[in-house]
Amino acid sequence: MLLIPCPYCGERDETEFSYGGEAHIERPKEPDKLSDAEWADYVFMRPNSKGVLLERWVHSHGCRRWFNVARDTLTYKIHAVYKMGEKRPRVPKTDYV
Amino acid sequence: MTARYSIFSLLRNALSYHENWPAAWRSPEPKASYDVVIVGGGGHGLATAYYLAKEHKITNVAVLERGWLGGGNTGRNTTIVRSNYLWDESAALYEHALKLWETMSQELNYNVMFSQRGVLNLAHNQHDLRELSRRVNANRLNDVDSELLDARQVKEFCPIIDLRANGRYPVLGATLQRRGGTARHDAVAWGYARAADALGVDIIQECPVTGFRISNGRIQAVETGKGAIEAKKVALCVAGHTSVLAELAGFRLPIHSVPLQALVSEPVKPVIDCVVMSNAIHAYVSQSDKGELVIGAGTDKFIGYGQRGSLPVTEETLGAVCELFPMFRRMRMMRQWGGTVDTCPDASPIVSKTPVEGLYVNGGWGTGGFKSTPGSGWVYAHTIAEDRPHPLNEAFDMNRFVTGYLIDEHGAAAVAH
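Residues numbered from 1 in each chain as written. Chains lettered and ligands numbered in written order. Predicted model: local features only at pLDDT ≥ 70, side-chain atom pairs only at ≥ 80, totals over all residues. Heavy atoms only, no water.

1. A look at helix α8 (residues 311-324) of chain B
For an α-helix, the turn length of 3.6 residues means that residues three or four places apart are oriented alike.
Now for step 1: Spanning 14 residues, α8 of chain B covers 20 Å between terminal C-alpha atoms, matching the ideal 20 Å at 1.5 Å per step.
Now for step 2: Along its buried surface, α8 of chain B packs onto β4 (119-123), β12 (256-265), β14 (283-287), β15 (293-299) and β16 (333-343) of chain B. (Helix = DSSP H or I, 4+ residues; strand = E, 2+ residues; numbered from the N terminus. Expected span 1.5 Å × (residues − 1). Contact = heavy atoms within 4.5 Å.)

This is how it looks when you write it as structure tokens:
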């Protein structure tokens, strides 16, 4: 069970949230110039990091707002929570294999 | 070393109180180089090694395992075997695997306790029923045995299920694959390990892979906890960690690794003699030979390598199980655990060559890897030996995410991805 600190509501139970996957994926600026491989990379390819991952969550059963979380995917420790549009936090480097 | 197991060897060893059984496989130190290095000593990796040696006569092979054999997802699944997948490509692949299951114990001279007790997939509403009848029809066109049962037939096949119409999850019908069932998951890894070892394959445990040496786009060697090992070909077969190793080799995959959990109850007398699965409510139940109920749950919604499942998922699954089988309400659960499953966006696996020459990838089996173990090893061995896919796994190329030729098996894969 994760306790997720929503930047608007404070610490709440995992069941109140929905997951949005990797954060900071930018939609291609010139979509008509992309090759199939570049589209595949944008749509499907993900780092799936073992270690600290910047990811999006939404507080579905609370304030219903989206925000970003820096979470370690091995230990599940949440290092930082920040609002959409804010700068990426500094997070410890991990090198699990 | 590789004496045959039989009733006579059992009797002979009984005389010495079973203290003199030979080791089932050697534990050699790695050689400086191999023709093929397989990374990952789970069921899929060991099956690959076995079929490389047996079908393709490539025996200068090492299987590297970071922990112990079958200690990952091979020993963490709910042991269900079936092949009732929707699309032609998947049906062919999983049905090939099911046929190999049927002869596995004899072929490996190792009892994998394969029990074709029948697998039910429940329909709880009209949509489920339509979806499942479509799948039954597709299965029959592909020569996969599959039947559609109505509610009364479900009750006959599995009498302990609660079919009172006022239940929270009414059962309107189910599909039944009679050739489906369960197998002893550890035995599959051990059986393949013993048979591969007998053919000359080196199985090296406690040997994590930490990097790859690649030059001119071709694989040269793997870096391991026991030093560098040169290899002409390297085959990844690491389930949940596929993306991690792909990153070390310099390419990206469309895989999400999420925890999938299971539980077993205290052992009780035989009460359920088939496998019951429900896609809609994420509950799978069968009973092991020891008498424990083996219960499979859904995946966590977030990426996680922690090999443990969240409590809300456990709660949801047990709630559903108690609704379907009210007699289980007072049973106690003994153990709960999780495995890291590698899910693809289309719920189908990747068995493929990679952008690196001589490096192959087998992963993305997600929540359905166990049932495919023999088939996966068989087609992967062919892909490695011939340097091109077998017709059975041609469609499961990693390039399908570029061409758009996805094989959407979310319905048949059962657990929500």
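2. Section: the interface of chain A and chain B
Now for step 1: At the interface, 27 residues of chain A touch 28 residues of chain B.
Now for step 2: Contact between chain A and chain B buries roughly 2,500 Å² in total, counting both sides, with carbon and sulfur atoms accounting for 59%.
Now for step 3: D41 of chain A is the salt-bridge partner of R252 of chain B, the closest N and O atoms lying 3.0 Å from each other.
Now for step 4: Our count for the contact surface shared by chain A and chain B stands at 14 residue pairs in polar contact (both at pLDDT 80 or more).
Now for step 5: Mapped by element, the contributors of at least two residues to the side of chain A that touches chain B are β3 (18-22), α1 (36-43) and β4 (52-58) of chain A. (Buried area = accessible area lost by both parts, 1.4 Å probe. Salt bridge = Lys/Arg side-chain N within 4 Å of Asp/Glu carboxyl O. Polar contact = N/O pair within 3.5 Å; in protein donor to acceptor, adjacent residues only side chain to side chain.)

3. Quick look at a nonpolar patch on the surface
Now for step 1: Taken together, the side chains of I7, F8, L10, L11 and W21 of chain B make up a nonpolar region of the molecular surface, amounting to roughly 520 Å² of accessible area.
Now for step 2: Here I7 of chain B shows up in helix α1 (residues 7-15). (Patch = residues over 30% accessible without salt bridge, like charges linked within 9 Å, V, L, I, M, F, W, Y side chains within 5 Å. Areas by Shrake-Rupley, 256 points an atom, 1.4 Å probe, with all protein chains shown as cover.)

4. Digging into the sheet that holds β4 of chain B
All names here are of chain B.
Now for step 1: Strand order in the open sheet made by the 8 strands is β5-β6-β4-β13-β14-β15-β12-β16, with mixed pairing throughout. In this open sheet, the two strands that pair with only one neighbour each are β5 (147-150) and β16. Mean inter-strand twist for the sheet, computed between neighbouring axes without regard to direction, equals 20°.
Now for step 2: As paired elements, β12 and β16 share 10 bridges and run antiparallel to each other. Of the residues in β16, the one forming a bridge with L260 is G339.
Now for step 3: Lying over the sheet, α8 contacts β4, β12, β14, β15 and β16, oriented at roughly 130° with respect to β15. (Pairing = 2+ DSSP bridges. Axes fitted to C-alpha atoms, helices over the stretch in contact; angles between N-to-C directions.)

5. As for empty space enclosed by the protein
Residues and elements named next belong to chain B.
Now for step 1: Evaluated as defined, the whole model comprises 2 cavities of 30 Å³ or more.
Now for step 2: Estimates place the volume of the largest cavity at around 40 Å³.
Now for step 3: Taken together, D162, R164, G167, R168, Y169, P170, E323 and L324 make up the full set of residues lining the largest cavity.
Now for step 4: Along the lines of polarity and charge, the residues of the lining of the largest cavity split into 3 nonpolar, 1 polar and 4 charged. (1 Å grid on protein atoms, 1.4 Å probe; cavity = no way out; pocket = protein on both sides within 12 Å on 5 of 7 lines; lining within 4 Å. Points joined across faces, edges and corners; volume = space filled by probe spheres on them. Nonpolar A, V, L, I, M, F, W, Y, C, P; charged D, E, K, R; others polar.)

6. Quick word on the confidence of the model for chain B
Now for step 1: Looking at chain B, the pLDDT average stands at 95 and 98% of residues meet or exceed 70.
Now for step 2: Across the whole predicted complex the pTM is 0.95, and at the interface the ipTM reaches 0.94. (pLDDT = per-residue confidence, 0-100.)

7. Quick word on the packing of helix α3 (residues 88-108) of chain B against helix α6 (residues 185-198) of chain B
All names here are of chain B.
Now for step 1: Closest axis-to-axis distance for the α3/α6 pair is 10 Å, and the angle between their directions is 50°. Of the possible angle classes, the one that applies to α3 and α6 is oblique. Both α3 and α6 take part in a crossing whose hand is left-handed. Residues W101, M104 and L108 of α3 touch α6, and the partners they reach there are V188, G191, Y192, R194 and A195.
Now for step 2: Along the lines of polarity and charge, the residues of the contact of α3 with α6 split into 6 nonpolar, 1 polar and 1 charged. (Parallel < 35°, antiparallel > 145°, perpendicular 65-115°, else oblique. Left-handed = near helix turned anticlockwise from the far one by under 90°.)

8. A short note on the sheet that holds β4 of chain A
Residues and elements named next belong to chain A.
Now for step 1: An order of β3-β4-β5-β6 is seen for the 4 strands of this open sheet, with the pairing classed as antiparallel. The open sheet has two free edges, formed respectively by β3 and β6 (78-83), since each of these has just one partner strand. Across the sheet, the mean angle separating the axes of adjacent strands is 30° when strand polarity is ignored.
Now for step 2: Looking at chain direction, strand β5 (residues 66-72) and β6 are connected through 5 bridges and run antiparallel. Of the residues in β6, the one forming a bridge with R71 is I78.

9. Re unusual backbone geometry
Residues and elements named next belong to chain B.
Now for step 1: Of note in this structure, T79 is not a glycine but carries a positive phi near 65°.
Now for step 2: Here the phi dihedral of A239 falls at roughly 45°; this positive angle occurs in a residue that is not glycine.
Now for step 3: Structurally, the position occupied by A239 is in the loop between β11 (227-236) and α7 (242-249).

10. What to know about the environment of Y50 of chain B
Now for step 1: Mapped onto the elements of the fold, Y50 of chain B is located in helix α2 (residues 43-56).
Now for step 2: Leave out the neighbours within four places in its chain, and Y50 of chain B touches E107, L108, Y192, A195, A196 and L199 of chain B.

11. Quick word on the pairing of strand β10 (residues 218-224) of chain B
Residues and elements named next belong to chain B.
Now for step 1: The sheet contact formed by strand β9 (residues 209-215) and β10 spans 6 bridges and is antiparallel. Paired with R213 across the strands is A221, a residue of β10.
Now for step 2: Counted between consecutive antiparallel strands, the loop separating β9 from β10 contains 2 residues, among which N216 sits at a positive phi close to 50°.
Now for step 3: Where β10 lies against β11, 4 bridges are found, and the strand directions are antiparallel. Opposite A221, over in β11, you have E230 as the bridge partner.

12. Some remarks on the side chain of S278 of chain B
Now for step 1: Along the chain, S278 of chain B falls in strand β13 (residues 275-278).
Now for step 2: Those residues within four positions of S278 of chain B in sequence are excluded, and the remaining contacts are L122, H124, A283 and Y284 of chain B.

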